[in-house]
Amino acid sequence: MVDPSLNPTSAPDAVEPDATDPQERPRRRPGRVDVLAIGAYALIGVLVCLNYWVDVQHRVSSHLPTDHSWFEWLFTHGAYSVRHLENPLFSARQNAPDGVNMMANTSLLGMTIPLAPVTLLFGPQVTYALYLGGALAATAATSYWMLSRHLVRSRAGAFVGGAFLGFAPGIVHHANGQPNFVSNFLLPVIVARVLRLGRPGRWRRDGVALGLLVAYQVFINEEMLLLTALACLVAVAAYVVQRPREARARAGGFLAALGLGGGLALLLTAYPIWYQFNGPQSYRGLQGGVFHNWGEDLMAFVTFARDTVAGDEAVEKTIGLTEQNTWFGWPLVLVALAALVLLWRRSLAARVAGVLVVVFTVAAIGPKVRFNGVETTMDGPWAYIPDDLPLVEMMMPTRLTLVVTGAVGVLLALAWDAVGAVGRSRVPAPRTAPDDTAATGTGTAVPGTGTALPAAPGRRRWVRPVGYAAITLAVLPLFPRPLPAQHIDLPPHFVTAGGWRPYVPEGRTLVPVPIPSNVHGLSTLRWSALTGHEFPVPGGYFIGPNELGEGVFGAPNRPTSTLIYATIDAGTVPALTGENRRQALEDLRFWRASVVVLGAHPREAVLRELMSGLLGPAQRVDDVWLWDVRPLVD
């Protein structure tokens, strides 16, 4: 977020004139400090993914291994779509024969398609680790650019704010298997564009730029785009309330640019969005509003996250195993509150950030207030929101605190900048907005023009070291640790070497045992991901419609898949009947199966016994057990 000043003349003492554009801060080329900042972000990104790089072919997230495998599958989907020139909005390589609506899932098409050459050359495991660290670093870098270009003078302040926005505890938590939620590098640019709309003579250019950015973000993460839109709405409303005269003066240009940008974005994304809600395998909401109970625990705000240097895994057992979207730790909460109090009268940007913190903290509580892992009887705001409300029906309340994370990052940058401005001489100029000295005509905050923290002359020398130390000590405990990873075996040699090819003709499927799902079959889902989607598989890990059109995780279970999962859970083979065998053949025909394959598995013995009881004796081919079912189903 930037200082959303929509008034070109509200603080003339804060504007640096430019011959070509009086509303712009003079453009500058990236300097050595900027390069060093971006390099530092890149190194932190490598550190976060270090446990993957140790053995990239055999490592997945130990926190969310299913999501990790899903995104590896998505990178392969992007490469497969490019290589075969197929529609990337749909895939028939999972959940055969029905397929998966990729727009209705977190498909990350905006990055999996451009990175297709990397996936084709090095495989999805390398692409995943490379992209994960790169997305974290890129988000920090664009945040640094936004802060240093539009909000603060201090490069150090911009660096601290950018580092927090890119590597905040909630963001790093999502890096455990959910790279779509760390792909936020366009959001600072979008916010900067929105809050600078309405500049005289630039509504067309600004509107087109905003429309292109929004359209591309749709193909990266729609949920984060929605959160950003809500944050911008609240920020602009907060500005209008505080500066009604200036807001009215620029309202025409603002609305014209916003309308142009929205129209362009809608034009570019109309078909994909229609496909998302009306294409094959689309759905309406999630069954039972499953995510609406996931509100943020109030104690989470002052708790250190697991993946930080000060974090402790044991805390998760107290507060819960849901998402860690805030988890700022108590020092940062105190520093942020102090910064907000001290800057409230001096900085419009700080006030807008404060409004965002309050609004989105309350909104994230959920249907019931949670405190230290206990759900109280007190109603939260989501208790009054219907589960089937369009757009809101799939939102998770706790994720609204990601907006709070953005606001805290801005406060950190503002606080560092204000501390650095203590003792500097102010620029003498007439003042029309004495309490908003951080605002300029373009939303550019200029230190040294009244944003400094007050200090008596004899005490000024203590303000800087104390202020810098307080901010540093608040953010250092949040420095990320390498993400936890676990070992996973590669698919069987029979699969990776193409031994399956004589058994799977075009239009038929390979049925792995266990059949992939959101609970079982993590390893067999990777068979598809790590072989370039060369054969379709039934089941999978995705969201698709049930018989009522509601979204559910995975494919609806068929009798044979249910029997397989029950055998895995029990560790013994149940008594099989003729009906079980009939259902197995019916299911194989539905899946268009030509071969059933069982690789190494902790329950390999009982699964082999089960499948042999259903389909007859197995063949040992290479390193798998195989049932050629073509004679049974044709």
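Above this text sits the structure in question.
This write-up is about the structure you can find in this document. (Residues numbered from 1 in each chain as written. Predicted model: local features only at pLDDT ≥ 70, side-chain atom pairs only at ≥ 80, totals over all residues. Heavy atoms only, no water.)

Description of the overall build of the chain
Logical step 1: Across its full length, the chain carries 23 helices and twelve strands.
Logical step 2: Among the 634 residues that make up the chain, the fraction classed as buried is 57%.
Logical step 3: Residue pairs in contact within the chain that sit at least 24 positions apart in sequence constitute 79% of those at least 6 positions apart. (Helix = DSSP H or I, 4+ residues; strand = E, 2+ residues; numbered from the N terminus. Buried < 20%, exposed > 50% of the residue type's maximum accessible area, 1.4 Å probe, protein only. Contact = heavy atoms within 4.5 Å.)

Examining the pattern of salt bridges
Logical step 1: Summed over all chains, the structure comprises 14 salt bridges.
Logical step 2: As a salt-bridge pair, K368 and D379 come within 2.6 Å of each other at their nearest N and O atoms. Taken as a pair, K368 in strand β4 (residues 368–371) and D379 in strand β5 (residues 374–379) lie far apart in primary sequence, eleven residues in all.
Logical step 3: Its relative accessible area of 37% is what places D379 among the partly exposed residues.
Logical step 4: Two residues, D634 and R508, come together in a salt bridge whose shortest N-O distance is 3.0 Å. Of this pair, D634 sits in the segment after α23 (630–633) while R508 sits in the loop between α18 (493–496) and β7 (509–513), and the two are 126 residues apart along the sequence.
Logical step 5: Since its relative accessible area comes to 18%, R508 is described here as buried.
Logical step 6: Several salt bridges converge on common partners, so that one network encompasses R193, R199 and D206. (Salt bridge = Lys/Arg side-chain N within 4 Å of Asp/Glu carboxyl O.)

Thoughts on the side chain of T139
Logical step 1: Relative to the helices and strands, T139 is located in helix α6 (residues 124–150).
Logical step 2: The exposure class assigned to T139 is buried, which follows from its relative accessible area of 3%.
Logical step 3: A distance of 2.9 Å separates a polar side-chain atom of T139 from the backbone oxygen of A135. (Polar contact = N/O pair within 3.5 Å; in protein donor to acceptor, adjacent residues only side chain to side chain.)

Thoughts on the packing of aromatic side chains
Logical step 1: This model, assessed by the stated rule, comprises 13 aromatic pairs.
Logical step 2: Each ring, one from Y41 and one from F159, has its centre 5.0 Å from the other, and the planes form 5°; the classification is stacked. Here F159 lies in helix α7 (residues 155–167) and Y41 lies in helix α1 (residues 32–48), a separation of 118 residues in the sequence.
Logical step 3: Owing to a relative accessible area of 0%, Y41 belongs among the buried residues under this scheme. (Phe/Tyr/Trp six-rings, centres within 6.5 Å; stacked < 30°, edge-to-face > 60°.)

Section: the pairing of strand β12 (residues 624–628)
Logical step 1: Extensive coverage of β12 is indicated by the burial of four of its five residues.
Logical step 2: In terms of strand pairing, strand β10 (residues 593–598) meets β12 through four bridges, oriented antiparallel. Looking across to β12, one finds that V595 is bridged to D628.
Logical step 3: Pairing geometry for strand β11 (residues 619–621) and β12, over three bridges, is antiparallel. Residue Q619 lies in a different strand from β12, and its bridge partner there is L626.
Logical step 4: Two successive antiparallel strands, β11 and β12, enclose a turn made up of two residues, where D622 displays a positive phi of approximately 55°. (Pairing = 2+ DSSP bridges.)

Considering the pairing of β5
Logical step 1: The element β5 is largely exposed, with a buried count of zero among its six residues.
Logical step 2: Here β4 folds back onto β5, and the loop between the two strands holds two residues, one of which, N372, carries a positive phi near 55°.

Observations regarding the packing of α6 against α7
Logical step 1: Relative to each other, α6 and α7 sit at 145°, their axes nearing to 7 Å. The two elements α6 and α7 cross, and the hand of that crossing is right-handed. Residue-level inspection shows L136, A137, T139, A140, S143, Y144, L147 and S148 of α6 in contact with α7, the latter providing R155, A158, F159, G161, G162, A163, L165, G166 and F167.
Logical step 2: Here the contact of α6 with α7 is composed, by residue class, of ten nonpolar, six polar and one charged. (Axes fitted to C-alpha atoms, helices over the stretch in contact; angles between N-to-C directions. Left-handed = near helix turned anticlockwise from the far one by under 90°. Nonpolar A, V, L, I, M, F, W, Y, C, P; charged D, E, K, R; others polar.)

Topic: the sheet that holds β10
Logical step 1: The four strands are arranged β7-β10-β12-β11 in an open sheet whose pairing can be described as mixed. Both outer strands of the open sheet, β7 and β11, are each paired with one neighbouring strand and no more. Averaged over neighbouring strand pairs, the angle between their axes works out to 35° when direction is ignored.
Logical step 2: Across five bridges, the pairing between β7 and β10 is parallel. Looking at β10, one finds that T509 is bridged to A593.

Let's talk about helix α21 (residues 578–591)
Logical step 1: Look at α21: 20 Å from first C-alpha to last across 14 residues, which is about the 20 Å you get at 1.5 Å a residue.
Logical step 2: Close packing links the buried residues of α21 with β7, α20 (559–570), β10, α22 (604–615) and α23.
Logical step 3: Positive backbone phi, approximately 60°, marks R592, located one or two places after α21. (Expected span 1.5 Å × (residues − 1).)

Some points on α7
Logical step 1: When the terminal C-alpha atoms of α7 are compared, their 18 Å separation across 13 residues agrees well with the 18 Å that a helix rising 1.5 Å per residue should span.
Logical step 2: Among the 13 residues that make up α7, ten are buried, leaving the element largely enclosed by the rest of the structure.
Logical step 3: Along α7, the residues that are buried comprise G157, A158, V160, G161, G162, A163, F164, L165, G166 and F167.

Section: the side chain of N101
Logical step 1: Mapping N101 onto the fold places it in strand β3 (residues 100–101).
Logical step 2: A polar atom in the side chain of N101 sits 3.1 Å from the backbone nitrogen of A104.
Logical step 3: Engagement of the side chain of N101 in a polar contact is seen with the backbone oxygen of Y275, the distance being 3.0 Å.

Structural notes on the environment of L626
Logical step 1: For L626, the location among the structural elements is in strand β12.
Logical step 2: A relative accessible area of 0% means that L626 is categorised as buried.
Logical step 3: Note: C-alpha distance between L626 and Y503 (123 residues apart in sequence) is 9.9 Å.
Logical step 4: Sequence-distant contacts of L626, defined by excluding residues within four places in its chain, comprise F494, Y503, V595, V596, A618, Q619 and V621.

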